[in-house]
Amino acid sequence: MKRALLILISTLAFFSCQNKAGVPGFHKRANLFNNDWEFVKGAQVGDVGLLFSSDDSTKWEKVTIPHTAHIEPLVLKERQWQGTSFYKKSFTVPASLNGKHVAVKFEGAMQVADVYLNGKHLMTHEGGYLPFYYDLSNELKYGDENILLVKLNNEDNPLVPPGKPIDDLDFNWFSGIYRNVWLFVKDQVHISDPIEAGKVAGGGLFVTYSEVSGEKATVNLKVDVVNDGQKAVEVSLNTNLVDADGNNVASGSARLQMLNAGTHLEMKTSFDVEDPQLWSPDNPNLYQLNVEVLNNGKVVDKVTETIGIRTFKWTAGEFILNGEPLFLRGTNRHQEYPYIGYALSDNAHYRDAYKIKQAGFNFVRLSHYPHSKSFMQACDELGLLTMDAIPGWQFFGNEEFQERAILDVRNMVRRDRNHPSVVVWEASLNESGMSLEFMQRAHNAVHEEYPHQDVYTCGWVDEVYDIYIPARQHGKPPHYWNQYDNEKPIFIAEYGDWEYYAQNAGFNQTAFEDLTAEERNSRQLRGFGQKRLAQQAINYQEAHNSNLQGPACGDANWLMYDYNRGYAPDIEASGIMDIFRLPKFAYYFYKSQADIKPEISEEFYSPFIEIANFYNDPSFTDVKVYSNCDEVELLVNSRSLGRQKPDQDRISSHLDHPPFTFHLDNFEPGELVAKGFVDGKEVTKAMRRTPGEAAGLTLWFDESGRPLENGRNDVVFLYASVTDAHGTVVPEASQSVTFEVEGDATLIGANPINAEAGIATVLLKAGNRVGAITVTASSNGLKSNSLVIEVK
């Protein structure tokens, strides 16, 4: 209950200044500036100046941010759309705000942005993954209409990280103003933005911790206050810390100081928290830190930051959090959605994080670039540790590129330094031939920006950086982990994909001589069938079990979700969930590795069991059951095959919860039931029924901890299962399914679309109104139920 309340408080703090109608609530400090934009692709635009004139004949499309400049196909068989696009927004700032600090902030726009106001060019920003900020105060027409224009170009650019051309890149960077836009209204005396301030280890709020224990912790706060006015002022600080129950648990202050006109002042304060509720994956306790700036005793600015108190240390043998060792069981994530690319709603990012947590992970590597602020907040709230990364993959550019990459390092730390989830900074261009000088500069930049304890850099090269993060394929078979025996902390940043795809895993290739090369590797779409899905799960199990035998502090599989790549005409299918966030058998393996701790969270630590067999193939009589229970009993058509302990084979030797393998003597159509036991008591069960002929469609959608929300460009996955008369999914079904929606919502993506492994999927985007929407689906005479979704 406390955790739910704190998440609500955190969400309200983040969105307290947002206005869904798109008209800025100018009495607020931060106003969400996402609505009432207009958009056009550059091919229809001539002179930029004409876009501000009464002679503008451009056919603008009305859009809401986040927005992608191009709806992409599900599978990018050809390169993604690239080119120039324009975004325009008209707005009026009341004359009463003349003299205030009024600024615009873009969380992410891909990838070179030229910003204009009323025809005047204000700035150019290079880079698509980090925010940029501009003070509009002296450029606005107060009391009159203003036109803000953004010209975006996402074409290949070797000067802007990641730098590598799309055609040669292992991911896509997509297009558009794909993250939130904010309009800030502040007093002339205010707390600066850390990106705008551009100060080493400064700007905005900077929170660190010292002397952390379960009895007491010291919170250290550094605040950058700026005076945009013409006169010197006397300023002071008040701070207070609020827990999940709304109680003030600590407070601090900074004495009165003189702040000269046109200057910044760094103000510091520290305070102790008695009996702190420490942040961890099991207990992601968060506090609200309120900071007020006073000018002559009057509050002129207030900022609220969500923080988590914790301390950690990386050693050569283990990761230690709050004084306790913790193995980091992780995954990698690309932030792509089908069709809309990077243009995810804040809720969609949360749902991705929720599914990662639900899959049994406590760690996620943000590959290969900084992910959205909303995803970072979700990791804070849910208890996911993160590796924050700069943009880069197999490319090392010239001096200008390198300078921008170093700036990315600094801005990444400035943006994310207060997130309790961040425990390591990947200030390394992934799998790139970096110079020693660049690596030293990148490493130093992190430590300069975070000159405190609890700061570590990492890189894929075993030089300079604090932590070595090789991918498993960087080693040599068969004993990958034996090569990592130095004194530096090690984390296996990728495993389970390339060493199998490249057929050089070494330690399992002779064990599966009956398999083709395609069936052996881990790149398996859900539609490739259960035999290949089972092999993918075995590959991940084998590699993870091997990692556990070495000195690594943790590992991260490659990867959580399937995705598109620039250099290949197919989906990279090594995800343990597909691009629509539907699970494969490997997902069940990882979920089974989470311990049973319902007293901590029934959402994430309950008893789990699942059968990795559709029970529809007489030739596939091995039944793998994934569970975190002590024992499993398997029943075939109500006949028990006995109760078993977990497997004790070569690829299960070091697992927390090995699977349970049953061998059927023959195939009897009907029902498989697996029952899980803990301390002799049945605590959970799962069932698989032999599917019959397709008889209907069943609709459902994915909330994953967040209901569908109006006015936020919120999207969810809408699924239609092809089912038999008993409601069992027919995994061989691949027929075309058509979706329909009634109400304030739209469908995005191929429609109709063929089912894959018995399930068809489309994106559902909510409109601007609260209330019910109704969706249905049909296919070859089959009709679904009517699914009513309440939009909040």
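Residues numbered from 1 in each chain as written. Predicted model: local features only at pLDDT ≥ 70, side-chain atom pairs only at ≥ 80, totals over all residues. Heavy atoms only, no water.

Okay, the overall build of the protein next. Secondary structure summary: the protein contains ten helices and 46 strands in total. Looking at the protein as a whole, 62% of its 792 residues are labelled buried. Taking the intrachain contacts of the protein between residues at least 6 apart in sequence as the baseline, contacts between residues at least 24 apart amount to 69%. Side chains of the protein give 72 positive and 105 negative charges; the mean places of these two sets differ by 3 Å. (Helix = DSSP H or I, 4+ residues; strand = E, 2+ residues; numbered from the N terminus. Buried < 20%, exposed > 50% of the residue type's maximum accessible area, 1.4 Å probe, protein only. Contact = heavy atoms within 4.5 Å. Lys, Arg positive; Asp, Glu negative; His and termini not counted. Charge placed at Lys NZ, Arg CZ, Asp CG, Glu CD.)

Strand order in this open sheet of seven strands is E27-E26-E25-E24-E23-E22-E28, and the pairing throughout is parallel. Taken across any chain shown, the strands that pair with only one partner, and hence form the sheet edges, are strand E27 (467–468) and strand E28 (554–557). Looking at chain direction, strand E22 (residues 328–333) and strand E23 (residues 363–366) are connected through four bridges and run parallel. Note on E23: the bridge partner recorded for Arg333 is Leu366. (Pairing = 2+ DSSP bridges.)

So, about the pairing of strand E9 (residues 145–153). Where a strand is regular, its side chains alternate between the two sheet faces. For E9, the buried fraction is high: seven of the nine residues fall into the buried class. Here strand E4 (residues 84–92) pairs with E9 via nine bridges, running antiparallel. Bridging from a neighbouring strand, Ser85 pairs with Leu152 of E9. In this sheet, E9 lies alongside strand E6 (residues 112–117) in antiparallel orientation, the contact comprising six bridges. Counterpart to Tyr116 in the pairing with E9 is Leu149.

The end-to-end C-alpha distance of helix H6 (residues 436–449) is 20 Å, a good match for the 20 Å that 14 residues give at a rise of 1.5 Å each. Along H6, the residues classified as buried are Phe438, Met439, Ala442, His443, Ala445, Val446 and Glu449. For H6, the arc enclosing every buried residue in end-on projection is 150°, short of the 170-degree limit, so these residues lie on one face. Residues Leu436 and Glu437 are exposed on H6 and point more than 90 degrees away from its buried face. If you follow the buried residues of H6, they end up packed against strand E12 (205–210), helix H5 (399–416), strand E25 (422–426) and strand E26 (457–459). (Expected span 1.5 Å × (residues − 1). Arc of directions from axis to C-beta.)

On to the packing of aromatic side chains, then. Under the definition given, this model contains 39 aromatic pairs. Between Tyr350 and Tyr354, the ring centres sit 6.4 Å apart and the planes meet at 35°, which makes this aromatic pair tilted. Residue Tyr350 and its partner Tyr354 are both found in helix H3 (residues 346–358); the two are separated by four residues, about one turn of the helix. Taken individually, Tyr350 and Tyr354 each receive the classification buried, so the pair is uniform in this respect. Between Phe396 and Phe438 the ring centres are 5.4 Å apart and the planes differ by 75°, which places this aromatic pair in the edge-to-face class. On the criterion of sequence distance, the pair formed by Phe396 in the loop between strand E24 (385–389) and H5 and Phe438 in helix H6 is long-range, its members being 42 residues apart. Given a relative accessible area of 1%, Phe438 falls into the buried group. Ring pairs connect the aromatic residues Tyr129, Phe171, Phe174, Tyr178, Tyr342 and Tyr369, which therefore count as one cluster. Positioned above the aromatic ring of Tyr561, the side-chain terminus of Arg581 is 4.0 Å from the ring centre. (Phe/Tyr/Trp six-rings, centres within 6.5 Å; stacked < 30°, edge-to-face > 60°. Lys NZ or Arg CZ within 6 Å of the ring centre and 35° of its normal.)

With that settled, consider the packing of H3 against helix H4 (residues 373–382). Running from N to C, H3 and H4 cross one another at 40°; their axes reach a closest spacing of 8 Å. Between H3 and H4, the angle falls in the class oblique. With respect to the hand of their crossing, H3 and H4 are arranged in right-handed fashion. Listed contacts from H4 to Asp346, His349, Tyr350, Asp352, Ala353, Tyr354, Ile356 and Lys357 of H3 are Ser374, Phe375, Ala378, Glu381 and Leu382. In terms of residue class, the contact of H3 with H4 is built from seven nonpolar, two polar and four charged. (Axes fitted to C-alpha atoms, helices over the stretch in contact; angles between N-to-C directions. Parallel < 35°, antiparallel > 145°, perpendicular 65-115°, else oblique. Left-handed = near helix turned anticlockwise from the far one by under 90°. Nonpolar A, V, L, I, M, F, W, Y, C, P; charged D, E, K, R; others polar.)

A few words on the confidence of the model for the protein. In the predicted model, the protein carries a mean pLDDT of 93, and 93% of its residues have values of at least 70. Throughout residues 1–24 the model reports pLDDT below 50, and contacts reaching past four residues in sequence, or to other chains, amount to 60 contacts. (pLDDT = per-residue confidence, 0-100.)

On to a nonpolar patch on the surface. The grouping of Trp498, Tyr501 and Tyr567 at the surface amounts to a nonpolar patch, some 290 Å² of accessible area in total. Position of Tyr501 among the secondary structure elements: in helix H7 (residues 498–501). (Patch = residues over 30% accessible without salt bridge, like charges linked within 9 Å, V, L, I, M, F, W, Y side chains within 5 Å. Areas by Shrake-Rupley, 256 points an atom, 1.4 Å probe, with all protein chains shown as cover. Salt bridge = Lys/Arg side-chain N within 4 Å of Asp/Glu carboxyl O.)

Bringing the pattern of salt bridges into the picture now. Enumeration over the complete set of coordinates arrives at 40 salt bridges. Between Glu403 and Arg441 there is a salt bridge whose closest N-O contact spans 3.0 Å. Of this pair, Glu403 sits in helix H5 while Arg441 sits in helix H6, placing them 38 residues apart in sequence. Look at Glu403 and you get partly exposed, because its relative accessible area is 38%. As a salt-bridge pair, Lys584 and Asp562 come within 3.0 Å of each other at their nearest N and O atoms. Note that Lys584 is positioned in the loop between strand E30 (571–572) and helix H10 (585–591) and Asp562 in the loop between E28 and strand E29 (563–564), a separation of 22 residues in sequence. Ionic contacts of the salt-bridge type, sharing partners, join the residues Arg410, Arg414, Glu448 and Glu449 into one network.

Judged by pairing direction, the sheet is antiparallel, and its four strands sit side by side in the order E1-E10-E5-E8 without closing on themselves. Every interior strand has two partners, whereas the edge strands, strand E1 (30–32) and strand E8 (132–135), have only one. The mean inter-strand angle of the sheet, taken between neighbouring strand axes irrespective of direction, is 20°. Examined bridge by bridge, strand E5 (residues 101–106) and E8 share four bridges and lie antiparallel to one another. Counterpart to Lys105 in the pairing with E8 is Tyr133.

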